[in-house]
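Architecture at a glance
Now for the letters of each chain:
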Amino acid sequence: MPPDTASLRALPDPRAILFDLDGTLVDTVPQRIASWLEAFREAGIPASRRQVSALVGSDGRRLAQKVGADAGLALDPPTVEELDRRAGELHEAANQDPRPLPGAAELLRALAATDVRTAIATSSRAEQVRTSVDALELERPPLVVDGSHVRHAKPAPDLLLLGARRLRLSPRTCWYVGDAAWDMLAARDAGMVAIGVPSGAVSVATLRRAGAAAVVGDLGQLQRELVRRGLMGTGTALRRPGGSA
């Protein structure tokens, strides 16, 4: 099922675009999955790659509870917390040279020269974020809201709502771009426009079923759409969202 350009073009202009991190901006989903599988192996909890792939990108505590429940285990909160911490620790130890996904750094750099504000909203904990953000090699540190800032990460909308508050914008004026069903669900419940990109572990169809208003093939397509709208460009006046140049 291919991306739908018509759906993207029908969306209202954004005043801000918030992005997921793993699988959306940086190619870290395979390592995330491997780290979770190792954490479960160490704890003696049966887990399959298929299980973890379907849950990656959601709140780590939720992921741990679900995999435990599928194994017939009612994991207590300290065990859940330790599994989440350990999976993150394993990921950060292995995530030494993350690669930005195609078009990610270019899009963020181009947006920095416009009136469209940006932020990163990720379920990862703060200590797991820096290496991946640094890999984008942005001139200025982006606004980041992470799983340590809220009680419930994705698919709850809390992260996205916090990002909108920090940008001082209504969520309804924001787009949220992500690669997982949890991103689409969180965006929908936050009142944001959900934009899917199938660069992580799930398909275009899965993103649409989870509530994506549009699905782009890659972030380059999203940048071309913003250029088409006059929201960014090179050597030309930039139009403010909802207004004129």
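Let us now look at the overall build of the chain. Looking only at helices and strands, the chain features eleven helices and six strands. In summary, the chain has a C-alpha radius of gyration of 18 Å against a globular reference of 18 Å for 245 residues, a match within 12%. Overall, the chain is about 60 × 35 × 30 Å in size when its C-alpha atoms are taken along their principal axes. Across the chain, contacts joining residues at least 24 apart in sequence account for 67% of those joining residues at least 6 apart. Surface exposure of the chain reaches about 11,300 Å², of which carbon and sulfur atoms provide 49%. In the chain, the 31 positive side-chain charges and the 29 negative ones have mean positions that sit 7 Å from each other.

The subject of this paragraph is the environment of Asp146. Structurally, Asp146 can be placed in the loop between β3 (144-145) and α8 (158-167). Since its relative accessible area comes to 6%, Asp146 is described here as buried. Distance in space between the C-alpha atoms of Asp146 and Glu127 is 9.6 Å, their sequence separation being 19 residues. Leave out the neighbours within four places in its chain, and Asp146 touches Thr122, Ser124, Arg125, Ala126, Val129 and Leu159. Here the side chain of Asp146 touches Ser148 through a polar contact of 2.3 Å, side chain to side chain.

What follows covers the nonpolar core. When a protein is soluble and globular, its nonpolar side chains tend to lie buried together. Among the nonpolar cores identified, the biggest contains 29 residues, and Phe19, Leu25, Trp175 and Ile195 are the most heavily contacted of them. If you list the elements that add at least two residues to this core, you get β1 (16-19), α6 (104-111), β4 (174-178), β5 (193-196) and α11 (219-228). The greatest single-element share of this core, amounting to four residues, is contributed by α6. The residues contacting Phe19, other than those within four sequence positions of it, are Leu25, Leu107, Leu108, Leu111, Thr118, Ala119, Ile120, Ala121, Tyr176, Val177 and Leu222. Core analysis: the next-biggest nonpolar cluster, separate from the first, contains 28 residues, Ala119, Cys174, Leu207 and Val215 among them.

With that settled, the discussion passes to the side chain of Arg125. Along the chain, Arg125 turns up in the loop between β2 (117-121) and α7 (130-135). Setting aside chain neighbours within four positions, we find Arg125 in contact with Glu81, Asp84, Arg85 and Asp146.

Calculation rules
- Residues numbered from 1 in each chain as written.
- Predicted model: local features only at pLDDT ≥ 70, side-chain atom pairs only at ≥ 80, totals over all residues.
- Heavy atoms only, no water.
- Helix = DSSP H or I, 4+ residues; strand = E, 2+ residues; numbered from the N terminus.
- Rg over C-alpha atoms; globule rule 2.2 N^0.38 Å.
- Contact = heavy atoms within 4.5 Å.
- Areas by Shrake-Rupley, 256 points an atom, 1.4 Å probe, with all protein chains shown as cover.
- Lys, Arg positive; Asp, Glu negative; His and termini not counted.
- Charge placed at Lys NZ, Arg CZ, Asp CG, Glu CD.
- Buried < 20%, exposed > 50% of the residue type's maximum accessible area, 1.4 Å probe, protein only.
- Polar contact = N/O pair within 3.5 Å; in protein donor to acceptor, adjacent residues only side chain to side chain.
- Core = buried A, V, L, I, M, F, W, Y, C linked by side-chain atoms within 4.5 Å.

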